[in-house]
Amino acid sequence: MELKQEMARSLLKTSSLSVRTKLLHQTGLSLYNTSHGFHEEEVKKKLEQFPGGSIDLQKEDSGIGILTLNNPSKMNAFSGVMILQLLEKVIELENWTEGKGLIVRGAKNTFSSGSDLNAVKALGTPEDGMTLCMFMQNTLTRFMRLPLISVALVQGRALGGGAEFTTACDFRLMTPESEIRFVHKEMGIIPSWGGATRLVEIIGSRQALKVLSGALKLDSKKALNIGMVDEVLQSSDETECLEEAQEWLKQFIKGPPEVIRALKKSVSSGKELCFEDALQNERDLLGTVWGGPANKEAIARRRKFDT
């Protein structure tokens, strides 16, 4: 066992520093900083001026977290304070070592209508738009890289920024009467929270161009057909569809947290890094679970059945 641990440590040392920094130690890593003209504290002061709603996080003993966008009087639109709270919750989830899965949903049977127009009107200059863009791209990239298997539970409508948020999740589930729509073109803008880039990855460039340039209304049937969502749930009831989503997610998070989290990190590296760097990261992640408790237990069970 000591020899295996020493080998793992040695292999970690041989990894390039850039890869290890990007993935093995990427907690808290942001895309933008002061070198890009991004000053986070200044953005936070601006966003604090637009209150309303909340981002609520419930962590279950099962290892599933439930993140709720809670601003029902405005179809769960993101106020400035909610944007700040989302970053706080992502940081909390980065430090939740027992977590394995996450469900993102909206309160009162609808997902989210995107940004609160009051904040949008007040942040009206191109510089304001780009600053908000960098803030949300930072937050949602950190969200996407969480070592948790994430699912967007789309009830009612996911519009604009709400539609973009769904693309930051690993999977998407829809209730029968729900819809996803990237309405940005009709607002005279383009997606800015990373939604266009992630959408291309999910459904391909041709389909993404149709969805975005046509501001297409994706009902559950169409979204399933083009590969935007993974399953259409049976119920539209708020409580029942959440239970369905939890059962759906449980099939992918069965097992020890350290194994599920390593699997998610491995897939993330395969998605974000070049081939050779991803292979090195996969090797390093293996060193964190090989010879570990779950591995030993599985081998012991196999031996029992083989005898």
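Scroll up to find the structure this text is about.
A brief report on the enclosed structure follows. Quick caveat, the model's predicted, so the values are computed rather than measured. (Residues numbered from 1 in each chain as written. Predicted model: local features only at pLDDT ≥ 70, side-chain atom pairs only at ≥ 80, totals over all residues. Heavy atoms only, no water.)

1. As for the pattern of salt bridges
For step 1, the next point in the chain: One pass over the full model with this rule turns up 15 salt bridges.
For step 2, the next point in the chain: Among the salt bridges present, the one from R157 reaches E179, with a minimum N-O distance of 3.6 Å. Pair noted here: R157 is in strand β5 (residues 157–159) and E179 is in strand β7 (residues 179–181), with a separation of 22 residues, a long-range link.
For step 3, the next point in the chain: For K217, the salt bridge is made with E179, and the minimal N-O distance between the two is 3.7 Å. Within this pair, whereas K217 is found in strand β8 (residues 217–219), its partner E179 is found in strand β7, the two being separated by 38 residues in sequence.
For step 4, the next point in the chain: Looking at K217, the relative accessible area reads 51%, which means it is exposed.
For step 5, the next point in the chain: One connected set of salt bridges, linked through shared partners, spans E40, E41 and K44. (Salt bridge = Lys/Arg side-chain N within 4 Å of Asp/Glu carboxyl O. Helix = DSSP H or I, 4+ residues; strand = E, 2+ residues; numbered from the N terminus. Buried < 20%, exposed > 50% of the residue type's maximum accessible area, 1.4 Å probe, protein only.)

2. Some points on the sheet that holds β7
For step 1, the next point in the chain: Spatial strand order, β5-β7-β8: 3 strands in an open sheet with mixed pairing. The sheet is open, and its two edges are formed by β5 and β8, each paired on a single side. Strand-to-strand twist in this sheet, taken as the mean axis angle between neighbours without regard to direction, amounts to 15°.
For step 2, the next point in the chain: The pairing of β7 with β8 spans 3 bridges and is classified as antiparallel. Across the sheet, residue I180 finds its bridge partner in β8, namely L218. (Pairing = 2+ DSSP bridges. Axes fitted to C-alpha atoms, helices over the stretch in contact; angles between N-to-C directions.)

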